[in-house]
Amino acid sequence: MLNLKFIQDYPEVVIEKLRKKNFDAAEIVGSIVDLYQQKNAAQQKVEQAKAEMNRISREIGQLFRDGKTEEADVAKARTLELKETIRELDIRFVEIEKKVMELQILLPNLPHESVPAGKGEEDNLVVKSGGEMPQLPGNALPHWELAQKYNLIDFELGVKITGSGFPVYRGKGSQLQRALINFFLDENRKAGYEEIQPPLVVNEDSGFGTGQLPDKEGQMYHVTLDNLYLIPTAEVPVTNIYRDVILDAKDLPVKNTAYSACFRREAGSYGKDVRGLNRLHQFDKVEIVQIAHPEKSYAILEDMVKHVGGLIDKLELPYRVLRLCGGDLSFTSALTYDFEVWSAAQEKWLEVSSVSNFESFQANRMKLRFRDESSKKPQIAHTLNGSALALPRIVAALLENNQTPEGIRIPKALAAYTGFDII
RNA sequence: GGUGAGGUGGGUGAGUGGCUGAAACCAGCAGUUUGCUAAACUGCCGUACGGGUAACUGUACCGCGGGUUCGAAUCCCGCCCUCACCGCCA
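Residues numbered from 1 in each chain as written. Chains lettered and ligands numbered in written order. Predicted model: local features only at pLDDT ≥ 70, side-chain atom pairs only at ≥ 80, totals over all residues. Heavy atoms only, no water.

Chemist: Mind showing me how you'd approach the overall build of chain A here?
Modeler: When helices and strands are tallied, chain A shows 13 helices and 18 strands. With respect to the three principal axes, the spread of C-alpha positions in chain A is 100 × 45 × 40 Å. Expressed as a percentage of the 423 residues in chain A, the buried residues total 49%. At a minimum sequence separation of 6, the contacts of chain A that also span at least 24 residues come to 74%. (Helix = DSSP H or I, 4+ residues; strand = E, 2+ residues; numbered from the N terminus. Buried < 20%, exposed > 50% of the residue type's maximum accessible area, 1.4 Å probe, protein only. Contact = heavy atoms within 4.5 Å.)

Structure follows, in structure tokens:
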């Protein structure tokens, strides 16, 4: 959520920047500016009245103590009208405040200057590529067929037990999952991230803090009986660790990593886009999260991008990095780099990581602050996160790209974790 | 699920219808003392939103939301949460 004072002070900047996200903010911003002034006027009025009331009440207390009960009764009579005034003013003030808030949360985060203009994924900017594209023979199999051939993943069994999008991993397929999780966690830990095991269900406040709620509740599985949500990413519980927290500046940046199962309802799409491991309702992901000083957050974002690139390098997969254009940027993000690996048999790029700087957007929602030695006042921190990495599409690419007549070759770095180097 | 206890500032923990934004202690910060450390002493030490160039100042906040009252951390109602014990269970 954007800072109210900032919207008030720079309405044109907000409107202009959001244009890049193809979001027409003119009307909302106009209303906010207008309401903000009304709010301040209302606040001054109501507080003045309350101050007067407090003064009289103190007087009455003193009169009673002095035993001047008659004078006290006279004073009491004076408060009647004032009380009614306060009641009315208060209602009005609360109403305005609520309206401002409702509008405020409708505004997406402002995109960073480096975000390219554009409507959709075709306008994303390729900023980096790595790895080598494998040359597969004409009879190369897509990963879902490889998964079946080698008995690694049973999609139909998942349908039986739960429904589509909930695959059953078995044998070496299951071991591969576990190996990847451990590999990622270890690499992240070596890079200075503290390992966290968060809850997989969260309450409403947490959903609001990271921006899933309100609005995007349709994307999460909702446990209505307890009003809890299955997490779509470990970002939610991990970032919310710091909700309502004032950190010490010297503890920044905070670096956390967590493995979690992720649950996403996202009904949309069909056909080959959701074939096999391309899109699932439940999948595994290792996430990295950082809480940063505002002046350092962009340098940290670059660090995170480098780190994620390093992981993919070790898995020997061809990949590219995209800087998302305004139209493809999420509601909460100021700048996002997507990592895509090449899935050689499908012959398509698959997104395996999304590394973002949210600046103060999430932190403002969850009142995540830090205190600087210089300025005594707490200020809003910046939050960042990225996948490091999401498993299913990595597995898809590993299976497809490394298929040989002898079997599927496991990259060296990973073989140390699987205990086998070929499937 | 049942029963009981309780939710107060970074922590521990007092507290009563008004003089309580809240004792005391610990932690933290600044200073005095000191060869250094320690100790001792002194002062400071919540957040948000307003007003003011500023000093400063107003309001709100003692889990959340209502209510009673001139006045509520304190009394009443509802909700949420935590803890303990029992039951069930990994």
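Chemist: What is the right way to look at the pattern of salt bridges in this model?
Modeler: Here the idea is simple: oppositely charged side chains can pair when their charged atoms come close. Inspection of every chain in the model, using the stated rule, returns 14 salt bridges. Note that Glu52 is salt-bridged to Arg55, the shortest N-O span being 2.7 Å. Of this pair, Glu52 and Arg55 both sit in helix H3 (residues 26-65), 3 residues apart, roughly one helical turn. Its salt-bridge partner being Lys250, residue Asp248 comes within 3.2 Å of it at the nearest N-O pair. Given the relative accessible area of 31%, Asp248 is considered partly exposed. For Lys250, a relative accessible area of 64% translates into the label exposed. Salt bridges sharing partners connect three or more residues here, namely Glu52, Arg55, Glu59 and Arg78. (Salt bridge = Lys/Arg side-chain N within 4 Å of Asp/Glu carboxyl O.)

Chemist: Sorry, what's going on with the environment of Phe155 here?
Modeler: By secondary structure assignment, the location of Phe155 is in helix H6 (residues 155-161). Separated by 61 residues in sequence, Phe155 and Val94 have C-alpha atoms that sit 53 Å apart. With sequence-adjacent residues up to four places away left out, Phe155 is seen in contact with Trp144, Ala147, Pro167, Gly276 and Leu277.

Chemist: Which parts of the structure should I look at to understand the packing of helix H2 (residues 11-19) against H3?
Modeler: Any two packed helices are characterised by how steeply their axes cross, that is the angle between the axes, and by the distance between the axes. Across the interface, H2 lies against H3 with an axial gap of 9 Å and an inter-helix angle of 160 degrees. By the angle class used here, H2 and H3 are roughly antiparallel. For the pair H2 and H3, the crossing hand works out as right-handed. From H2, Pro11, Val14 and Ile15 reach across to H3, where they touch Ala26, Val29 and Val33. For the contact of H2 with H3, a count of residues per class yields 6 nonpolar, no polar and no charged. (Axes fitted to C-alpha atoms, helices over the stretch in contact; angles between N-to-C directions. Parallel < 35°, antiparallel > 145°, perpendicular 65-115°, else oblique. Left-handed = near helix turned anticlockwise from the far one by under 90°. Nonpolar A, V, L, I, M, F, W, Y, C, P; charged D, E, K, R; others polar.)

Chemist: Help me out: how do you make sense of a negative patch on the surface in this one?
Modeler: Negative charge collects at one region of the surface, where Glu204, Asp205, Asp215, Glu217 and Asp244 lie side by side. Of note, Glu217 is situated in the loop between helix H8 (204-209) and strand E6 (222-223). Here Glu217 falls in the partly exposed class, since its relative accessible area comes to 36%. (Patch = residues over 30% accessible without salt bridge, like charges linked within 9 Å, V, L, I, M, F, W, Y side chains within 5 Å. Areas by Shrake-Rupley, 256 points an atom, 1.4 Å probe, with all protein chains shown as cover. Lys, Arg positive; Asp, Glu negative; His and termini not counted. Charge placed at Lys NZ, Arg CZ, Asp CG, Glu CD.)

Chemist: Any chance you could explain the protein's contact with RNA strand B here in plain terms?
Modeler: With respect to spatial proximity, 23 residues lie near RNA strand B, and among them Tyr36, Gln43, Glu47, Ser57 and Arg371 are the closest. Close to the protein, within 4 Å, the atoms of RNA strand B belong to sugar or phosphate groups at a rate of 71%. Within the side chain of Thr79, one N or O atom sits 3.4 Å away from a sugar or linking oxygen of RNA strand B. Take Arg371: an N or O atom from its side chain is 2.5 Å from a phosphate oxygen of RNA strand B. Going through the elements one at a time, H3, helix H4 (69-104) and strand E14 (369-371) are the ones with two or more residues in the surface near RNA strand B. (Near = heavy atom within 4 Å. Polar contact = N/O pair within 3.5 Å; in protein donor to acceptor, adjacent residues only side chain to side chain.)

Chemist: I keep staring at the pairing of strand E13 (residues 348-359) and nothing clicks. Help me out?
Modeler: On a regular strand, each side chain points to the face opposite its neighbour's, so the side chains alternate between the two faces of the sheet. Bridge count for strand E12 (residues 335-343) against E13 is 9 bridges, and the pairing is antiparallel. Considered in E13, the bridge of Val341 is made with Leu350. What sits between E12 and E13 in their antiparallel hairpin is a turn of 4 residues, with Glu347 showing a positive phi close to 55 degrees. (Pairing = 2+ DSSP bridges.)

Chemist: Hey, could you run me through the sheet that holds E14 in this one?
Modeler: Paired through their backbone hydrogen bonds, the strands of a sheet run either parallel or antiparallel. Pairing within the open sheet is mixed, and its 3 strands lie in the order E8-E14-E15. In the strand order of this sheet, the two ends are held by strand E8 (246-248) and strand E15 (379-380), each with one partner. In terms of strand pairing, E14 meets E15 through 2 bridges, oriented antiparallel. Its bridge partner being in E15, Phe370 is matched across the sheet by Gln379.

Chemist: Is there a simple way to think about the sheet that holds strand E7 (residues 228-230) in this case?
Modeler: Across the sheet, which stays open at both edges, the 3 strands sit in the order E5-E7-E6 with antiparallel pairing between neighbours. Each of the sheet's edge strands pairs with one partner strand only, and the pair in question is strand E5 (201-202) and E6.

Chemist: Looking at this structure, I do not really get a nonpolar patch on the surface. What am I missing?
Modeler: Together, Phe6, Tyr10 and Val13 make up an exposed nonpolar region whose accessible area comes to about 250 Å². Overall, Val13 belongs to the partly exposed group, its relative accessible area being 32%.

Chemist: Hey, could you run me through empty space enclosed by the protein in this one?
Modeler: Where empty space is left can be seen by rolling a probe of water-molecule size over the atoms. Going through the model one piece at a time under the given rule, you end up with 1 cavity of 30 Å³ or more. Each pocket or cavity is described by its volume, and for the largest cavity that value is around 30 Å³. Around the largest cavity, the lining residues are Leu176, Leu398, Leu399, Ile408, Arg409, Ile410, Pro411 and Ile423. For the lining of the largest cavity, the per-class residue count stands at 7 nonpolar, no polar and 1 charged. (1 Å grid on protein atoms, 1.4 Å probe; cavity = no way out; pocket = protein on both sides within 12 Å on 5 of 7 lines; lining within 4 Å. Points joined across faces, edges and corners; volume = space filled by probe spheres on them.)

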